[in-house]
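Inside the fold
Chain by chain, the residues:
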Amino acid sequence: QEQLVESGGGLVQPGSSLTLSCAASGSAFSGDAMGWFRQVPGKEREFVAAVRWPMNRIYYTDSVKGRFTLLKDRAKKTVSLQMTNLKPEDTATYYCAGRRHWIVTYADAAQYTSWGQGTQVTVSS
C-alpha cells in the first residue's frame, strides 16, 4: 500500500475555514480513488468526500455538501479538502485514504488500502 501524508488541521472557531492536503509519499498516487474520512473517539470512521480519478467525479456526504470542497490536482494526484463554515460537529480526526480501483462502495472505509496518519480538526469557540 502507498503511504499517504496529510497536512493542515488545527483549532478554529465556528464559521471559520480550513484546508487539509494529502499526497502520496515519494511519488504520485497510483490508484483510481482518493478520499477523506473523519473519526471521533468511540465512533466508526465516517466518509466525507472522494474523487474518482478516471472520470474526474467527486462525491460528498450530505452533511458537508455546500460547505466542503474537494480540490484535486490530476497531474500530481493530490487532493485537498477545503472546509468552510465549520461547525462544532465537524470536530474529528481527518484521514486521507486511497485505493487502487474505484468501487461503488466508496463510502466504506474498509475498502481503502492506503491511509494517512490523520490530522486533528477542532471547531470550538
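First, a word on what this report is: a plain description of the structure on this page. (Residues numbered from 1 in each chain as written. Predicted model: local features only at pLDDT ≥ 70, side-chain atom pairs only at ≥ 80, totals over all residues. Heavy atoms only, no water.)

**Structural notes on the overall build of the protein**
When helices and strands are tallied, the protein shows 0 helices and 11 strands. Its helices and strands in sequence order give the protein the pattern β-β-β-β-β-β-β-β-β-β-β, from N to C terminus. The C-alpha atoms of the protein give 13 Å as radius of gyration, which agrees with the globular expectation for 125 residues (14 Å, within 12%). Taking the principal axes of the C-alpha coordinates as reference, the protein spans close to 40 × 25 × 25 Å. Taking all 125 residues of the protein together, 42% fall into the buried category. (Helix = DSSP H or I, 4+ residues; strand = E, 2+ residues; numbered from the N terminus. Rg over C-alpha atoms; globule rule 2.2 N^0.38 Å. Buried < 20%, exposed > 50% of the residue type's maximum accessible area, 1.4 Å probe, protein only.)

**Notes on the environment of Gly116**
As for its placement among the helices and strands, Gly116 is situated in the loop between strand E10 (114-115) and strand E11 (119-123). Counting along the chain gives 98 residues from Gly116 to Leu18, while the straight-line C-alpha distance between them is 18 Å. Apart from the residues lying within four places of it in its own chain, the contact partners of Gly116 are Gln3, Leu4, Glu6, Tyr95 and Cys96. (Contact = heavy atoms within 4.5 Å.)

**Side note on the environment of Asp62**
Tracing the chain through its elements places Asp62 in the loop between strand E6 (57-60) and strand E7 (68-73). Owing to a relative accessible area of 60%, Asp62 belongs among the exposed residues under this scheme. Along the backbone, Asp62 and Lys77 are 15 residues apart, and their C-alpha atoms lie at a distance of 25 Å. Among the polar contacts made by the side chain of Asp62, one reaches the side chain of Lys65 at a distance of 3.1 Å. (Polar contact = N/O pair within 3.5 Å; in protein donor to acceptor, adjacent residues only side chain to side chain.)

**Some remarks on the nonpolar core**
Formed by 25 residues in total, the largest nonpolar core has its most connected members in Met34, Trp36, Val79, Leu81, Met83 and Tyr94. Those elements that place two or more of their residues in this core are strand E3 (18-24), strand E4 (33-39), strand E5 (46-52), E7, strand E8 (78-83), strand E9 (92-99) and E11. For this core, the element with the highest residue contribution is E3, accounting for 4 residues. Excluding residues that lie within four positions of it along the chain, Tyr94 makes contacts with Glu6, Leu20, Trp36, Phe37, Arg38, Val48, Phe68, Leu81, Met83, Gly118, Thr119 and Val121. Phe37, Tyr59, Tyr95 and Ala109 belong to the second-largest nonpolar core, a separate cluster that totals 11 residues. (Core = buried A, V, L, I, M, F, W, Y, C linked by side-chain atoms within 4.5 Å.)

All we've got here are geometric facts, nothing functional implied.
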